[in-house]
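Chains, contacts and geometry: an overview
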Amino acid sequence: MKTHKGGITRREFVRDAGGLVIGFSIIDAAITPQLFAQSTVATAVPPSPKKLESWLHILPDGSVQVFTGKLEIGMGVDTAFTQIVAEELDLSPLRVKFVLGDTATTTDQGGVGGSTSVSLGARPLRNVSAAARAALVQRASQQLGVPVDQLQVKDGVVRAAAGSRAAAAGSTGLQARQVTYGELATAIAAEQDLKVSGAGFALNVESSAKPKDPSKYTVVGTSVPRIDMAPKILGTYKYVVDVRVPGMLHGRVVRPAGVGATLVSVDDSPAKTIPGYVKTVVEKDFVGVVCEHEWAAVKAAKAIKVTWSAPLQAFPEQKDLYNYMRAATPKSTRKAPKTGDVDAALAGAAKKLDAKYDVPFQSHATMGPGCGVADVRPDGITTVWSGGQKPHALQKGYAELLGVPAERVRVVWMQDAGSYGRPGFEDAGADAVLLSKAVGKPVRVQWMRHDMTAWGAKGPACVYDLAGAIDAQGNVTGVRFVSRAFSGGEILYLPDAAGNYLGAQLTGIRNTTGVDEFADWGANAPPYRFPSLDASSHVLAGFHESASPLRSTHLRDPEGPATSFAVECFIDELAAAADIDPIELRLKHIDEPRAKYALRAAADKYGWESRPSPRPNNSGNVVVGRGIALGVRNGTYVGTIAEVEVNRTSGVVKVTRLVCSHDCGLIVNPDALKSTIAANLVQSLGRTTKEEVMFDRSSVTSVDWNSYKVARASDVPASVEIVLIDRKDLPPGGAGEPSSRPTAAAIANAVFDATGVRIRQLPLSPERVKAAVNV
Amino acid sequence: MARMTLSVNGRSHVVDVDPDCPLLYVLRDNLELNNPRFGCGLGQCGACTVLMDNRAVRSCSLPVSRVGTARIVTIEGLASPGGQPHHVQQAFIDEQAFQCGYCLNGWVLTAKALLDTNPKASDAEVRRACESLICRCGSHTRIFSAIQRAAKSQAVRA
């Protein structure tokens, strides 16, 4: 724990004998940090997780400054952290302030990912808060002359517990009555080493101080207003797009004419007449312009004459995509351990089902198209402001791009527009690095809409072939599952190497970081148990090795919504074939009590009538149906029920009601959780009924909000009902993604219930639905 | 480049800018107002919304030369001179209406403009007024609640 003397709001500390001083105000740390190199020797040593002071400072006013490598990307995680720290310290949440994701001052906790920020990322924060409280109370004990076990803390004030002997003594004036954390902070901090375990998301630290028993919580579990919400609505919150560095220039990029197109020539003479034009930067196939004003950069990017070679015909025709995927030789394959003999089950089945499910590429299409600000000094000392989910990885990747040690690069995370995975903010930052390096001045790059929607990495397309066997008694006796998907890690979600970035790939740096990530049964579908099960997953090679607008990466709940669409619809098909209620079939084949409870909780809230699908007597033009799907993700359980109206003439699927039960263990902030679940439901509704990346043989052709459609006001159900299942006996689990998972299957199952027609391809667009129901 | 005077958030500003420059960049880069945000540059999403004589307009597609003497108000200028949040802002705060919030200019200012002219807007009218806005995070249910809450608080104040 670091303590501060006097009323300082600036802190300066010397990082090593090489003489680098980092000085910045805590208050505006994210806006104006600059690295001042006093020598060319590197530099800033990252804070050691072993030291309490790396995590937490007690300030003279009694408030607490917490430093974490975790971030807030729109779901209120920093509010949850605030509650957790305040709880352990017995301090008002208003006195807890956070620095998030600054590589110079926070430890590497892996950034954001996998819905782990609260489940894993908050553990060290809870533990250091407990350690700090113990140290402060110990110090108070010495100052007050009261044994530790007779002290109590209320909002950072330590005093003898009511009724204790010390309190009685204090009341006679023999003892000082109380001392505040702020007063204790003027004492010299005791060096304290923490026990470190794990790394990245799993990084944890522990001390001898034990955190509170959750049954004693008074702040965790309450709906504290989100700390970012009022500042955002009042207009005082600063996003990464709002960073202004002295001398900052503005950049825009110009991407190739299509996949594999190489640069033939650039004529920048038309841009030279634009007031404020500085330079056109060309490095192999990377092209960007830099100007003094943002509008000048927008104009210059349009004005320069760039000639590209003909792009490759690297993509199949869009209408052939799924055939291509089924015919392609897989790059790699993973088989789950077999249960029983599926071949025998299928051979002996009374009823045998075969179904093919198809899910398109989808785009992050963040609200702001991506922005990065980079200040690359001539000596290589660099600061980058980015909304990317993994600042410590970016530090390594940008350093590699610049050819300098990571210690000379500081990445300061600031919130961008949403995120939903690895959206391209990382690439926008790399563009800023390349342009700033070329002009020797700070450069802010704001992408244009098409730079994000067309050229940002995509959530992978996935296809599934399923087969199922039902015996004469209506029991499911076997399921075969085969998936073929582009890798969720073709562009690695951990952007810690230069080749990870689009701009860098255009300069000729190869992406060597990709991994095979499978759309597999195990992690992405509920753990159903059948007498026989055979599940295998294939990853397909990307269409082009470098700078492809269809390169694939993590998009919210990677492979989860797609795989659950296939599996949870197929389960529904089995139930319909067996002529039993779809909830009943699920309950029969799943063991986990929390999964069963989530299904029942959703059904109770909805008023589910037990019967098989489709709904009988549904012959009108506008027909109504209901469908359910289960989502199980890393210990979080979600049951979603959709009610739909399908217009047979127009093919429009109108979702009129969504009910979602949600069990993520102990709930830290019920209202913020509900808000995140409701938003997940609406976003995933759009991914179900509208979202599809469009492309031709060389380019992505969905480039804006007209050509890449997402949920709008008219798509939002009249009723969205959320049932929170609070498990105070369990640790908090993840909530950022799980409620995205079952939506597509719930809606498609409801369409089947309404129409008797099974649609196995997303999105459930009016054209597709119309064609299917009017056969 | 041309010198012009803009009325923004109740104050006059003299700027020397390209007359074709969209108002958005003048507000952001010349006046350093952060809240009108770039979303698409095509008028398709609403992240850049400002009020122009009390109408919600897309500043990304409005050349600054077309502003003339119109009074521009951004989120920064919505609060009362004493710093009290506007009741529409307060309703959005009370509903904790957003996730990332990048889009909020469009929703808050469209809501204000709507309730100025139609203080008893029905749910259907609210949705119709908001159909041309994007919230990529999907915060719509809270946003609609906030607009209804704002309408109610407006009725009490009237």
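Here the structure is a predicted model, which means the values were calculated and not measured.

**Let's talk about the overall build of chain A**
Within chain A one finds 19 helices and 32 strands. Taking 2.2 N^0.38 as the reference for a compact globule, 775 residues should give roughly 28 Å; the C-alpha atoms of chain A span a radius of gyration of 28 Å, in line with that estimate. Oriented by its inertia axes, the alpha-carbon framework of chain A measures out at about 85 × 75 × 45 Å. The burial tally for chain A puts 59% of its 775 residues in the buried class. Across chain A, every contact between residues at least 6 apart in sequence was considered, and the portion connecting residues at least 24 apart equals 78%.

**Looking at the sheet that holds strand 30 (residues 636-647) of chain A**
Residues and elements named next belong to chain A. Read from one edge to the other, the open sheet built from 4 strands follows the order 29-30-31-32, with strand pairing classed as mixed. Both edges of this open sheet fall to strand 29 (622-633) and strand 32 (719-725), since each of them pairs with a single strand only. For this sheet, the mean inter-axis angle between neighbouring strands, taken without regard to orientation, is 15°. Pairing analysis gives 10 bridges linking strand 30 to strand 31 (residues 653-663), with the strands arranged antiparallel.

**Points about the packing of helix 14 (residues 560-578) of chain A against helix 18 (residues 743-755) of chain A**
What describes two packed helices is the angle between their axes and the distance between those same axes. Residues and elements named next belong to chain A. The contact between helix 14 and helix 18 brings their axes to 7 Å, and the two run at 35°. Note that helix 14 runs across helix 18; the crossing there is right-handed. Of the residues in helix 18, those touching helix 14 at P561, S564, F565, E568, C569 and D572 are T743, A744, A745, A748, N749 and F752. Tallied by class, the residues present in the contact of helix 14 with helix 18 amount to 7 nonpolar, 3 polar and 2 charged.

**Things to note about helix 5 (residues 140-157) of chain B**
Counted at 1.5 Å a residue, the expected span for helix 5 of chain B with its 18 residues is 26 Å, and the 25 Å between its end C-alpha atoms agrees. The set of residues buried in helix 5 of chain B consists of H140(B), T141(B), R142(B), I143(B), F144(B), A146(B), I147(B), A150(B) and A151(B). If you follow the buried residues of helix 5 of chain B, they end up packed against helix 17 (670-689) and strand 32 of chain A together with helix 2 (87-94), helix 3 (104-117) and helix 4 (123-130) of chain B.

**Some thoughts on the environment of S54(A)**
Residues and elements named next belong to chain A. For S54, the location among the structural elements is in the loop between strand 4 (35-36) and strand 5 (56-58). Each C-alpha atom, one on S54 and one on T107, is 7.3 Å from the other, the two residues being 53 residues apart in sequence. Beyond its immediate chain neighbours, meaning those up to four positions away, S54 contacts P47, S48, P49, F67 and T107.

**Concerning the sheet that holds strand 9 (residues 157-160) of chain A**
Residues and elements named next belong to chain A. An order of 8-9-10 is seen for the 3 strands of this open sheet, with the pairing classed as antiparallel. The sheet terminates laterally at strand 8 (151-154) and strand 10 (178-180), the two strands that pair on one side only. Each strand of the sheet is rotated relative to its neighbour by a mean of 25°, with strand direction disregarded. Of the strand pairs in this sheet, strand 8 and strand 9 are connected by 4 bridges, and their pairing is antiparallel. Along strand 9, the bridge assignment pairs V153 with V158. In the packing of helix 2 (residues 117-144) onto the sheet, the strands contacted are strand 8, strand 9 and strand 10, and the crossing angle to strand 8 comes to about 125°.

**Regarding the confidence of the model for chain A**
The share of residues in chain A with pLDDT of 70 or more is 92%, and the mean pLDDT across the chain is 92. Across residues 3-43 of chain A the pLDDT falls below 50, and counting only partners more than four positions away or on other chains, this stretch makes 71 contacts in the model.

**Thoughts on the nonpolar core**
Counting residues in each nonpolar core, the largest one holds 287 residues, and the members touching the most others are I747(A) and V751(A). Dropping the residues within four chain positions of it, V751(A) is found in contact with G625(A), V644(A), V646(A), V653(A), I759(A), L764(A) and V769(A).

**Thoughts on unusual backbone geometry**
The amide bond that connects S613(A) to the next residue, P614(A), takes the cis arrangement and shows omega of 0°. Following L762(A), the chain continues into P763(A) via a peptide bond in cis, with omega recorded as -5°. You can see P763(A) is positioned in the loop between helix 18 and helix 19 (766-773). Even without glycine at this site, D90(A) takes up a positive phi of about 50°. With respect to the helices and strands, D90(A) occurs in the loop between helix 1 (77-89) and strand 7 (96-100). In this structure, N54(B) is a non-glycine residue whose phi angle is positive, near 70°. The topology assignment puts N54(B) in the loop between strand 3 (49-52) and strand 4 (55-58).

Cut-offs and rules
Within every chain, residues take consecutive numbers counted from 1 along the sequence as written. All chains are assigned letters beginning with A, and all ligands numbers beginning with 1, in the order in which they are written. Selection of residues for local features in this predicted model requires a pLDDT of at least 70, selection of side-chain atom pairs for listing and counting requires 80 or more, and totals for whole chains, interfaces and linings are taken over all residues. Numbered from the N terminus, helices here are DSSP runs of H or I no shorter than four residues, and strands are runs of E no shorter than two. Two things to know: the radius of gyration comes from C-alpha atoms, and the globule rule equals 2.2 Å times the number of residues to the power 0.38. Exposure in this text rests on C-beta crowding, where 20 or more other C-beta atoms within 10 Å of a residue's own make it buried, 12 or fewer make it exposed, and counts in between make it partly exposed. The C-beta atoms are placed from the backbone. Each residue is represented by a C-beta atom placed from its backbone, and any two residues with such atoms within 7 Å are regarded as in contact. Pairs of strands are assigned from DSSP output, requiring at least two bridges between the strands. Note on definitions: angles span 0 to 180 degrees between N-to-C directions of axes, and those axes are lines fitted to C-alpha atoms, for helices only across the stretch in contact. A crossing counts as left-handed when the near helix is turned anticlockwise from the far one by less than a right angle, and as right-handed when that turn is clockwise. Each residue gets one of three labels, nonpolar for Ala, Val, Leu, Ile, Met, Phe, Trp, Tyr, Cys and Pro, charged for Asp, Glu, Lys and Arg, and polar for the others, Gly among them. A helix's residues, less one, multiplied by 1.5 Å, set its expected span. pLDDT: the predictor's confidence for each residue, scored from 0 to 100. Each nonpolar core comprises buried Ala, Val, Leu, Ile, Met, Phe, Trp, Tyr and Cys residues, the members being joined through C-beta atoms within 7 Å.

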